[in-house]
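Report on the structure
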Amino acid sequence: MRTSSIQKMLILLVYYGFLFLNYVNRNAVAIECLASDQEALLDFKNGLQYSHNRLSSWRNTNCCQWQGIRCDNVTGAVVAVDLHNSSPSKNEMWNISGELRPSLMKLKSLRHLDLSFNTFSGIPIPKFLGSLMHLQYLNLSKAGFAGLIPPHLGNLSHLQSLGLADYSLHVENLEWVAGLVSLKHFTMDGVDLSSVATTDWVSALNQLPSLMKLHLSSCQLFGQIPSPPSLNLTSLSVIDLSFNKFSSMIPDWLVNINTLQHLDISNNNLHGKIPLGLRDLPNLQYLNLGNNENLKASCSQLLMKGWERIQFHWSTLQLEYS
């Protein structure tokens, strides 16, 4: 009987607690957007082109309630602008184009900016984005930008995630990357990196000790995969260097990243023996070496410890079964 009474009491507490939270939510005063931030967003909106419904909530009301806008719950400052197109192949009417006005710089607390999968029709990435010093997340992937990735982005020392995947973008060098000291996720799939292919581009990335995910697929990289004198990439869990033009052996430094979970260096011109150290990586779950016709390995040695946990793609490899 005692247990039954306690259960009933708990049920009542949960029920009345739920009613109380609903009452608070219904009667809570909405956070008011900073007037200066609202003014900046309205000016930013005037440079954009969009369907009549895309930014219909962006009017002279509380901007914290606008679609794609998030504010600080205490100060009312705008901390996020998210205008990405979530279904670009299906919802073209949601595409945004036009220009990016520098009024964005007036959003002094902005930490998150996502303009991915829109159609900015070949305009360059604005240099002023490198002045948004509090940004932690920036995604411009497949947004229709073209031309040189501005080195000014290297000023974003608080940035943790940077998405620049697009076949219309290129770089002159990667020296600016050294300024991204907080970066964890870096995506440049499709970006033309051919101008840095003959440089020590790995050492440029090696200055990012917090880097966890690196995506450089289809970047026109060729020649040797450089080896840094010492390895600082000790947090990497994902490396994707697929669909490049490497004529290289698999570098030994890859087998020294114990945090590595996903490695894809398929569809290149890699040659030589597959390093046996790959079998000792304790966290590896996915390994794709496919379509590298000059790679070879002793199957018995490579698999002697058992790779039941690993999804292994090795089509076209030369395997010796001795």
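Residues numbered from 1 in each chain as written. Predicted model: local features only at pLDDT ≥ 70, side-chain atom pairs only at ≥ 80, totals over all residues. Heavy atoms only, no water.

An unreviewed UniProt entry annotates the protein as Leucine-rich repeat-containing N-terminal plant-type domain-containing protein of Vicia faba. Looking at the protein in UniProt, the text filed under Subcellular location (unreviewed entry) is "Membrane". (UniProt positions renumbered as here; feature names shortened; annotations may be inferred.)

Overview of the side chain of Asn95
Tracing the sequence through the fold places Asn95 in the loop between strand E3 (78-82) and strand E4 (97-98). Separated by 2.7 Å, the side chains of Asn95 and Asn85 make a polar contact. If near-sequence neighbours (up to four positions away) are discounted, Asn95 is found in contact with Gln49, Tyr50, Asn85, Phe117, Asn118 and Thr119. (Helix = DSSP H or I, 4+ residues; strand = E, 2+ residues; numbered from the N terminus. Polar contact = N/O pair within 3.5 Å; in protein donor to acceptor, adjacent residues only side chain to side chain. Contact = heavy atoms within 4.5 Å.)

Some words on the pattern of salt bridges
Within this structure, the stated rule accounts for three salt bridges. When the shortest N-O distance is used, the salt bridge between Glu99 and Arg101 registers 3.5 Å. On the basis of relative accessible area, Glu99 is assigned to the partly exposed category, the value being 41%. The exposure class assigned to Arg101 is partly exposed, which follows from its relative accessible area of 24%. Each of Asp43, Glu99 and Arg101 takes part in one network of salt bridges that share partners. (Salt bridge = Lys/Arg side-chain N within 4 Å of Asp/Glu carboxyl O. Buried < 20%, exposed > 50% of the residue type's maximum accessible area, 1.4 Å probe, protein only.)

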